[in-house]
Amino acid sequence: MLQVKNISFKYKTQFVLNNISFKVKAGEHLSIIGESGSGKSTLLKILYGTYDLNKGQIFWKDQEILGPKYNLIIGPEYMKYVAQEFDLMPFISVAENIGAFLSNFYPEEKQERIKELLDVVELNDFANTKVKLLSGGQKQRVALARAIAKQPEILLLDEPFSHIDNFKKQSLRRSLFKYLKEKNITCIVATHDKDDVLSFSDTMIILHEAKIIANNSPKHLYKNPKNKLIASFFDEFNDINGDIIYANQLQLVEKSKLKATVKVSYYKGYYYLIEADLNGEKIFFENQSEIKKDTVISLEIIK
Ligand code: ADP
Ligand code: MG
């Protein structure tokens, strides 16, 4: 188990993380969520032992993870970290980059392993391409493959799919997280994308103003968003008399007290997101079809 015990950290004067604690069981997938600048990347770097803490301790099983003051080489050997800005070796091929840290002692096994990793990140067609010729998204996939090449016990991923386009993202995400679960690799992901979290994380923590403001399963937090920040991570929502109501929890009815005037219908594929005016406040709800501007409609909350 990974145990983070009362850690505090600051770069300069202000604490980026202030007395934070959480645990991650072996094989579990945890997401770190928070607005830009909330300290997600800093927390991952700290878990990797990049900085010395101002306070607190971190343990993996019974080993303490220590910062540069106590270690010549940053990063315990059982852990891999893929940074937001990944660095690869540009002048050698994708396959060579992925195999860079694998032993040459058993060349056939090494080639098989590289092939397996190319499958996971869906880069088989680029095995022999030089990395400098790849797009940002392709490079990110090489960095992911290289990080799991030696099967770490813990994998830290910082915005792992941020450079990868929608055509590839869905299947890559499924393939990578399935692989990590099969191999029982503990995974901690910093992300701003709810699709990384909802289907693939066992637990999520939310960072805000240097604290963890929520730590629970994605399902629990989606169903019981205790504040607007949490709700806004998941979906479009409304504040109706102090209650957080997602746009998909409001539906059109024949008659109700909740009357609003339609302003805009946004096409979303299988539904429309309708923006309307409710007593001078903007509200959003989902509807099967477009609704004409200025139509007065009645709404009901379904929970
Ligand atoms: P996130 O990944 O959630 O966007 P970061 O961990 O990158 O947030 O940054 C958290 C805060 O720490 C920000 O205010 C950022 O400006 C600051 N920060 C990040 N890296 C450094 C650094 N190397 N030196 C000083 N301040 C930093
Ligand atoms: Mg970041």
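For the structure, check the block above.
Just so it is clear, the model here is predicted, and its values are computed rather than measured.

Now for the sheet that holds strand S17 (residues 296-301). The strand order across the open sheet built from five strands is S13-S17-S14-S15-S16, with neighbouring strands paired in antiparallel fashion. Of all strands in the sheet, those bounded by a partner on one side alone are strand S13 (250-253) and strand S16 (281-287). Strand after strand, the sheet turns through a mean of 50° between neighbouring axes, direction not considered. The pairing of strand S14 (residues 258-267) with strand S15 (residues 272-278) spans six bridges and is antiparallel. Considered in S15, the bridge of Val262 is made with Ala276.

Next up on the list: the site of ligand 1. Surveying the vicinity of ligand 1 reveals the residues Tyr11, Lys12, Val16, Glu35, Ser36, Gly37, Ser38, Gly39, Lys40, Ser41 and Thr42. At a separation of 2.7 Å, an oxygen atom of ligand 1 approaches a polar backbone atom of Gly37. Between ligand 1 and Lys40 there is a distance of 2.9 Å, counted from an oxygen atom to a side-chain nitrogen or oxygen. Summarising the interface, the protein chains cover 58% of the accessible area of ligand 1, which totals 560 Å² for the free molecule. Residue contributions to the shell around ligand 1 peak at three residues, all from helix H1 (residues 40-47). Looking at the shell around ligand 1 residue by residue, the class counts come to two nonpolar, six polar and three charged.

Take the nonpolar core next. Grouped together as the largest cluster of nonpolar side chains are 36 residues, with contacts concentrated most on Val94, Val142, Leu144, Ile148, Leu157, Leu176 and Leu180. Counting only elements with at least two residues in this core, the list comes to helix H2 (94-98), helix H3 (107-120), helix H4 (136-148), strand S7 (154-158), helix H5 (166-182) and strand S8 (186-190). In terms of residues, this core owes the most to one element, H4, which gives six residues. Val142 has contacts with Leu88, Val94, Asn97, Ile98, Leu123, Val131 and Leu134, leaving out every residue within four places of it along the chain. Judged by nonpolar contacts, the second largest core, of 29 residues, contains Phe22, Tyr78, Met79 and Ala83.

Next up on the list: the pattern of salt bridges. In the structure shown here, the tally under the stated rule is twelve salt bridges. Residues Lys168 and Glu122 are paired through a salt bridge, measuring 3.9 Å at the closest nitrogen-oxygen approach. Within this pair, whereas Lys168 is found in helix H5, its partner Glu122 is found in the loop between H3 and H4, the two being separated by 46 residues in sequence. Residue Lys168 is classed as partly exposed on the basis of its relative accessible area of 27%.

Calculation criteria
Residues numbered from 1 in each chain as written. Chains lettered and ligands numbered in written order. Predicted model: local features only at pLDDT ≥ 70, side-chain atom pairs only at ≥ 80, totals over all residues. Heavy atoms only, no water. Pairing = 2+ DSSP bridges. Helix = DSSP H or I, 4+ residues; strand = E, 2+ residues; numbered from the N terminus. Axes fitted to C-alpha atoms, helices over the stretch in contact; angles between N-to-C directions. Near = heavy atom within 4 Å. Polar contact = N/O pair within 3.5 Å; in protein donor to acceptor, adjacent residues only side chain to side chain. Areas by Shrake-Rupley, 256 points an atom, 1.4 Å probe, with all protein chains shown as cover. Nonpolar A, V, L, I, M, F, W, Y, C, P; charged D, E, K, R; others polar. Core = buried A, V, L, I, M, F, W, Y, C linked by side-chain atoms within 4.5 Å. Buried < 20%, exposed > 50% of the residue type's maximum accessible area, 1.4 Å probe, protein only. Contact = heavy atoms within 4.5 Å. Salt bridge = Lys/Arg side-chain N within 4 Å of Asp/Glu carboxyl O.

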